[in-house]
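# Working through the structure, step by step
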Amino acid sequence: MEEADRASTARMIDFWLGGEDHFPVDVAAARAFEGAYGPCAPLFRELRAFLGRAVRTIAGAGVDGFLVFGAGVPTRGNVHEVAPEAAVLYTDVDPVTIRLGQRILAGNDRAGYGYGDATDVGTVDSALLRRFVPGWGRRPVGVVFLGLAAFLDDATLAHTLDELYAAVAPGSFLAVDFDGEELAAYPEALAMMGPQFRMRPPAAFGSLLGRWTPTDDGIVAVSRWRPDGSPAALPDAFHGGLAIKRSG
Ligand SMILES: C[S@@+](CC[C@H](N)C(=O)[O-])C[C@H]1O[C@@H](n2cnc3c(N)ncnc32)[C@H](O)[C@@H]1O
């Protein structure tokens, strides 16, 4: 198996989720981050559980095709595992993670993995899009945009979400999350996320969503988005929710 020479936040998340699809460099970065912040596994388990509840909600509305941006590692309760009847195209920009994902999904005829820069949907291979998200642009789909907004500045994020809104059919859903300001109290951990990392206050989320309409659940701490039982007592590190394209 190939090695990675640089850590990836996606593969660090796999480590925190107890997965097996990461490299020593990812484990070293994850442990260094925890040294500066504290335990991360409970936060990422909660974020992945939110993904599950959001994807099941979208599938429950009759949607059977998903396009996932900044997908990371397609395991540990990821989209095709929680919506096994759906077709799913995972995309990312990190070549090592893409090859890892392609290996994990080899032989799966309902889920695939390819390159895709979220800021330009045109970079997604059109043959993969036709194969794994057959209704793209014609019937409602689920766009999964988790763990990604924090790596895009406001103008790029707003433009990206608006382009996706224009590309999908009415009735489509967006599952999205934003990093709150939790890391402001941990400057060493914040510095490890790199200069492009964006924390945002809840008041900023609405205008970034633009024409997408949040469901009545709103954009809230992910542990409080339609919780199964009592929400876990965790810091509000991630805020997320679902938004819908209501009309053309
Ligand atoms: C924090 S990880 C999130 C992974 C996964 N969504 C999850 O929640 O476990 C962020 C991912 O976004 C990817 N990424 C960063 N910029 C991107 C872009 N412009 N388009 C698509 N993916 C991007 C990174 O390579 C990385 O795999």
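Provided above is the structure to which this section pertains.
Residues numbered from 1 in each chain as written. Predicted model: local features only at pLDDT ≥ 70, side-chain atom pairs only at ≥ 80, totals over all residues.

## Observations regarding the overall build of the chain
Heads up, the condition is: A run of H or I in DSSP counts as a helix once it spans at least four residues, and a run of E counts as a strand once it spans at least two, with each numbered from the N terminus. Here the globule rule reads 2.2 Å times residues to the power 0.38, and the radius of gyration is calculated from C-alpha atoms. We call a residue exposed when 12 or fewer other C-beta atoms sit within 10 Å of its C-beta, buried when the count reaches 20 or more, and partly exposed for counts in between; the C-beta positions come from the backbone. We call two residues in contact whenever the C-beta atoms placed from their backbones are within 7 Å.
Looking only at helices and strands, one finds nine helices and eight strands in the chain. Since a compact globule built from 248 residues should have a radius of gyration of about 18 Å, the 17 Å found for the chain is in line with a globular shape. Counting only C-alpha atoms, the chain reaches 50 × 45 × 35 Å along its principal axes. Residues classed as buried in the chain amount to 42% of the 248 residues present. Intrachain contacts of the chain at a sequence separation of at least 6 include 66% that bridge at least 24 residues.

## Digging into the packing of helix 1 (residues 9-16) against helix 2 (residues 24-37)
Our working definition: A fitted line through C-alpha atoms serves as each axis, taken over the contacting stretch for helices, and the angle formed by two N-to-C directions is quoted from 0 to 180°. For classification, angles of less than 35 degrees are called roughly parallel, those exceeding 145 degrees roughly antiparallel, those between 65 and 115 degrees roughly perpendicular, and all remaining angles oblique. The nonpolar class holds Ala, Val, Leu, Ile, Met, Phe, Trp, Tyr, Cys and Pro. Asp, Glu, Lys and Arg form the charged class, and all remaining residues, Gly among them, are polar.
Where helix 1 contacts helix 2, the axes come no closer than 9 Å and their chain directions differ by 75°. Taken as axis vectors, helix 1 and helix 2 run roughly perpendicular relative to one another. Residue-level inspection shows Arg 11, Met 12, Phe 15 and Trp 16 of helix 1 in contact with helix 2, the latter providing Asp 26, Val 27, Ala 29 and Ala 30. Of the residues contributing to the contact of helix 1 with helix 2, the split by class is six nonpolar, no polar and two charged.

## Some remarks on the site of the ligand
Worth spelling out the cut-off: Nearness here is judged by the C-beta atom: place it from the backbone, and if it falls within 6 Å of a molecule or strand, the residue counts as near that partner.
By nearness alone, 19 residues border the ligand, and Ala 10, Gly 70, Gly 72, Ala 118 and Gly 147 come closest of all. Among the elements that take part in the shell around the ligand, helix 1 stands out by supplying three residues, more than any other. Each residue belonging to the shell around the ligand can be placed in one class, and the counts come to nine nonpolar, seven polar and three charged.

## Here we look at the nonpolar core
Rule in force here: The nonpolar core criterion groups buried Ala, Val, Leu, Ile, Met, Phe, Trp, Tyr and Cys residues into a set whenever they are joined through C-beta atoms within 7 Å.
In terms of nonpolar packing, the biggest core is built from 72 residues, with Phe 66, Val 68, Val 88, Val 144, Phe 145, Leu 174 and Ala 175 touching the most fellow members. The element best represented in this core is helix 3 (residues 41-60), accounting for eight residues. Ignoring anything within four residues of it in the chain, the contact list for Ala 175 reads Ala 54, Val 55, Ile 58, Gly 142, Val 144, Phe 145, Leu 146 and Leu 242.

## Some details on the pairing of strand 5 (residues 173-179)
Selection criterion: Two strands form a pair only when DSSP identifies at least two bridges running between them. Every crossover in which the path from the first strand over the helix to the second runs clockwise, viewed with the strands pointing away from the viewer, is termed right-handed.
With six of its seven residues buried, strand 5 lies for the most part within the structure. Examined bridge by bridge, strand 4 (residues 142-145) and strand 5 share four bridges and lie parallel to one another. Opposite Val 144, over in strand 5, you have Ala 175 as the bridge partner. Read from strand 4 through helix 7 (residues 154-167) to strand 5, the crossover connection turns out right-handed. By the bridge criterion, seven bridges tie strand 5 to strand 8 (residues 238-244) in an arrangement that is antiparallel. What sits directly across from Asp 177, in strand 8, is Gly 240.

## Description of helix 3
Convention followed: Here a helix's expected span is defined as the number of its residues, less one, multiplied by 1.5 Å.
Taking 1.5 Å of rise per residue, 20 residues should cover 28 Å, and helix 3 covers 28 Å from first to last C-alpha, within 8% of that figure. The set of residues buried in helix 3 consists of Leu 43, Phe 44, Glu 46, Leu 47, Phe 50, Leu 51, Ala 54, Val 55 and Ile 58. Close packing links the buried residues of helix 3 with helix 1, helix 4 (79-82), strand 4, strand 5 and strand 8. One or two positions beyond helix 3, positive phi appears at Gly 62, with a value near 95°.

## Section: unusual backbone geometry
The bulk of non-glycine residues show a negative phi, and the bulk of peptide bonds are trans. One non-glycine residue with positive phi stands out, namely Arg 76, at about 55°. Relative to the elements of secondary structure, Arg 76 occurs in the loop between strand 1 (65-69) and helix 4. Even without glycine at this site, Arg 226 takes up a positive phi of about 40°. The partly exposed category is assigned to Arg 226, around which 15 C-beta atoms lie within 10 Å.

## Topic: helix 5 (residues 95-105)
Cut-off, in case you're wondering: Note that the arc is computed from the directions linking the helix axis to the C-beta atoms.
If you check which residues of helix 5 are buried, you get Thr 97, Leu 100 and Gly 101. One face of helix 5 carries all of its buried residues, which in axial projection span an arc of 100°. Seen from the buried face of helix 5, the exposed residues on the opposite side, beyond 90 degrees, are Pro 95 and Arg 103. Those residues of helix 5 hidden inside the fold are in contact with helix 1, strand 2 (87-92) and strand 3 (111-115). Gly 107 sits one or two positions beyond helix 5 and adopts a positive phi of about 85°.

## Some remarks on the pairing of strand 2
Taken across its six residues, strand 2 has six buried, putting it largely inside the fold. A two-sided burial pattern is seen for strand 2, the buried positions comprising Ala 87, Leu 89 and Thr 91 on one face and Val 88, Tyr 90 and Asp 92 on the other. As paired elements, strand 1 and strand 2 share four bridges and run parallel to each other. Bridge pairing in strand 2 links Val 68 to Tyr 90. Where strand 2 meets strand 3, five bridges bridge the pair, whose relative direction is parallel. Across the sheet, the residue bridging to Val 88 is Ala 111, located in strand 3. With helix 5 bridging strand 2 and the parallel strand 3, this β-α-β connection has right-handed handedness.

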